[in-house]
Amino acid sequence: MSAEPRERPVREDFAHQAAEDAVARERARIARELHDGIATELAGAISLFKVYLERHKGGGEPDETLKNVFEILERSLKNVRDSLAELRPAAIGPGGLVEDLRRQAEEFSRIYGIRVELSSNGTEELLSQQQREVVAQVVREALTNVRRHSGSSICRVKLGFAARPFLIEVSDEGRGFGKGSGGGYGLMGMRERAAGIGGRLEVVSTQDRGTTVFLFGPN
């Protein structure tokens, strides 16, 4: 009898791992180009503006247009740095993914005044390193969306590792959004990261009734 049925899962796992590695390398390449290119140039331009503004501090108010340009540059650099943080893998500490997310939830609550209730079941040991990094990135981005857009005072993070595929839920009780609205680059990036590990991301949202982000791991 042919060994094909036994060999096929091995080949599929190898191909999937190769795809994960390729995505990770491409993200690292883009991050390097952003850092060495536009981020460095923006930082240089901001430094020159700071020198100019400092020199003209005692000679009256600097030109309003130049001040506006300076503020635009600062916002642009912040956006680029945020993008770099999203592209680079989230380093998992020695305490593991769940411990890192608990610490992140506590810090998020302390800084922004939004209560984060985090629960988990099963063990993260069944996840690959890249899968753990994607979970960390998706939870971080989802929390950022709660802060920026929901207006909710509470957020719930559920980490389900007991079944395959694993399931991550991040929900809020905020303003939500209806069909044809919402989305944007944040959700697009989360969907790309989910696809990069063979999983998928779904968003369920109802106007004035909150939003839930679901991250399904690979089967």
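Residues numbered from 1 in each chain as written. Predicted model: local features only at pLDDT ≥ 70, side-chain atom pairs only at ≥ 80, totals over all residues. Heavy atoms only, no water.

S.K.: Just checking my understanding: could you explain helix 4 (residues 129–150) for this structure?
M.R.: In an α-helix there are 3.6 residues to a turn, and that puts residues three or four apart on one side. Here helix 4 contains 22 residues, and its C-alpha end-to-end distance of 31 Å stays within 8% of the 32 Å for a straight helix at 1.5 Å per residue. In terms of residue burial, helix 4 counts as a mostly covered element, since 17 of its 22 residues are buried. Just downstream of helix 4, Gly151 is the residue with a positive phi angle, here 75 degrees. (Helix = DSSP H or I, 4+ residues; strand = E, 2+ residues; numbered from the N terminus. Expected span 1.5 Å × (residues − 1). Buried < 20%, exposed > 50% of the residue type's maximum accessible area, 1.4 Å probe, protein only.)

S.K.: Looking at this model, I keep getting lost on the pairing of strand 3 (residues 167–172). Mind explaining?
M.R.: Every other side chain in a regular strand lies on the same face of the sheet, so the side chains alternate between the two faces. Taken together, the six bridges between strand 2 (residues 154–160) and strand 3 define a ladder with antiparallel strand orientation. Each bridged residue has a counterpart across the sheet, and for Cys155 the counterpart in strand 3 is Asp172. Taking the residues between adjacent antiparallel strands as the criterion, strand 2 and strand 3 are bridged by six residues. Both strand 3 and strand 5 (residues 210–216) contribute to a ladder of five bridges, which runs antiparallel. Counterpart to Ser171 in the pairing with strand 5 is Thr212. (Pairing = 2+ DSSP bridges.)

S.K.: Where do I start with the pattern of salt bridges in this structure?
M.R.: Summed over all chains, the structure comprises seven salt bridges. Residue Arg115 is joined to Glu117 by a salt bridge in which the shortest nitrogen-to-oxygen separation is 3.1 Å. For Glu117, a relative accessible area of 32% puts it in the partly exposed group. Between Arg156 and Glu173 there is a salt bridge; the shortest N-O distance is 2.8 Å. Of this pair, Arg156 sits in strand 2 while Glu173 sits in the loop between strand 3 and helix 5 (184–196), and the two are 17 residues apart along the sequence. Residue Arg156 is classed as partly exposed on the basis of its relative accessible area of 27%. Here the salt bridges do not stand alone but share partners, grouping Arg115, Glu117, Arg156 and Glu173 into one network. (Salt bridge = Lys/Arg side-chain N within 4 Å of Asp/Glu carboxyl O.)

S.K.: Before we go on, may I ask you to explain unusual backbone geometry in this structure?
M.R.: Only a minority of non-glycine residues have a phi that is not negative, and only a minority of peptide bonds are not trans. With an omega of 5 degrees, the peptide bond between Arg164 and Pro165 qualifies as cis. Here Pro165 is to be found in the loop between strand 2 and strand 3. Phi is positive for Asp208, which is not a glycine, with a value near 70 degrees. With respect to the secondary-structure elements, Asp208 resides in the loop between strand 4 (200–206) and strand 5.

S.K.: Sorry if this is basic, but what is going on with the packing of helix 3 (residues 97–112) against helix 4 here?
M.R.: The geometry of helix 3 relative to helix 4 is characterised by a closest axis approach of 11 Å and an angle of 15 degrees between their N-to-C directions. The angle between helix 3 and helix 4 places the two elements in the roughly parallel class. Helix 3 and helix 4 meet at a crossing whose hand is right-handed. Taken together, the residues of helix 4 that come into contact with helix 3 (itself represented by Leu97, Leu101, Gln104, Phe108 and Tyr112) are Arg132, Val135, Ala136, Val139, Arg140, Leu143 and Arg147. Grouping the constituent residues of the contact of helix 3 with helix 4 by class yields eight nonpolar, one polar and three charged. (Axes fitted to C-alpha atoms, helices over the stretch in contact; angles between N-to-C directions. Parallel < 35°, antiparallel > 145°, perpendicular 65-115°, else oblique. Left-handed = near helix turned anticlockwise from the far one by under 90°. Contact = heavy atoms within 4.5 Å. Nonpolar A, V, L, I, M, F, W, Y, C, P; charged D, E, K, R; others polar.)

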